[in-house]
Amino acid sequence: MNFIRNILAIIGLVAIVGGAFAYTKFAPMMAQMGDMDIGAEKAALDSFDPKAKDVYMNMWTKLKETGNSADATVVKYSLAEGISPEDAEESMKSIANKHNIKAVGELPLSEQVKLETGQDQRFLKIYQFCNPQTAMKMVDFSDAFSAYLPCRIAMIQDKEGKYHLYSLNMDMMIYGGKTLPPELHAEAVKVQEIMTDIMRGGAEGDF
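Residues numbered from 1 in each chain as written. Predicted model: local features only at pLDDT ≥ 70, side-chain atom pairs only at ≥ 80, totals over all residues. Heavy atoms only, no water.

*Asks:* Just checking my understanding: could you explain the environment of T61 for this structure?
*Replies:* Within the element layout of this structure, T61 appears in helix α5 (residues 52–66). Here T61 falls in the partly exposed class, since its relative accessible area comes to 33%. Each C-alpha atom of the pair T61 and A72 lies 7.9 Å from the other, and the pair is eleven residues apart in sequence. (Helix = DSSP H or I, 4+ residues; strand = E, 2+ residues; numbered from the N terminus. Buried < 20%, exposed > 50% of the residue type's maximum accessible area, 1.4 Å probe, protein only.)

*Asks:* Got a minute to help me understand helix α10 (residues 182–204) in this structure?
*Replies:* Structurally, the α-helix is built with 3.6 residues per turn, so residues lying three or four positions apart point the same way. Look at α10: 33 Å from first C-alpha to last across 23 residues, which is about the 33 Å you get at 1.5 Å a residue. Trailing α10 by a residue or two, G205 shows a phi angle of about 75 degrees, which is positive. (Expected span 1.5 Å × (residues − 1).)

*Asks:* Can you help me understand the packing of helix α8 (residues 132–141) against α10 in this one?
*Replies:* When two helices pack together, their arrangement is given by the angle between the helix axes and by the axis-to-axis distance. Interaxial distance between α8 and α10 falls to 10 Å at its minimum, and their mutual angle equals 130 degrees. In this view, α8 runs oblique relative to α10, as classed from their interaxial angle. Here the hand of the crossing between α8 and α10 comes out left-handed. From α8, T134, K137, M138 and F141 reach across to α10, where they touch E183, L184, E187 and V191. Tallied by class, residues from the contact of α8 with α10 come to four nonpolar, one polar and three charged. (Axes fitted to C-alpha atoms, helices over the stretch in contact; angles between N-to-C directions. Parallel < 35°, antiparallel > 145°, perpendicular 65-115°, else oblique. Left-handed = near helix turned anticlockwise from the far one by under 90°. Contact = heavy atoms within 4.5 Å. Nonpolar A, V, L, I, M, F, W, Y, C, P; charged D, E, K, R; others polar.)

In structure tokens form, the structure reads like this:
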């Protein structure tokens, strides 16, 4: 039980799914955990989207590798050789416009910190994108989805001077619980595909 509680403290729902997965692999050990209702946990997992197991196991694998829950819940694209932050930014905005998704805000965090401290900072800027109609459909289904809005892409210069794009992995939102209603599922997958196109195109400097 302590094992499950520790995982829960690290990544919340992953513990539940991990417990159900462990049941199929390590039933004798799990049976010794006493007050945990393994059958109920497995039943909950079985009620989720068919892809939920893969989503949470991939997250758990990354968590084990990195020890960092943030690394386990994001997607990353590195800027190609010769692509500058300005190139990537221009590409992302152009691709977003092509897909009719709105660029709704920018947070030039490293510039702000430099203004406040007078010290140079490694580059960090957040770009925010949103399709308002899809956003409303998502919150109509669950108010909690508002925490995912708008879609954000971070461009950051690492400590070795290389640039990368990061965004939340939307798999957990789309596949992590019970299967979404067909129309909402299609909308969410479309947004994920657009965000992937924006990040990939930005990293490659495409338009």
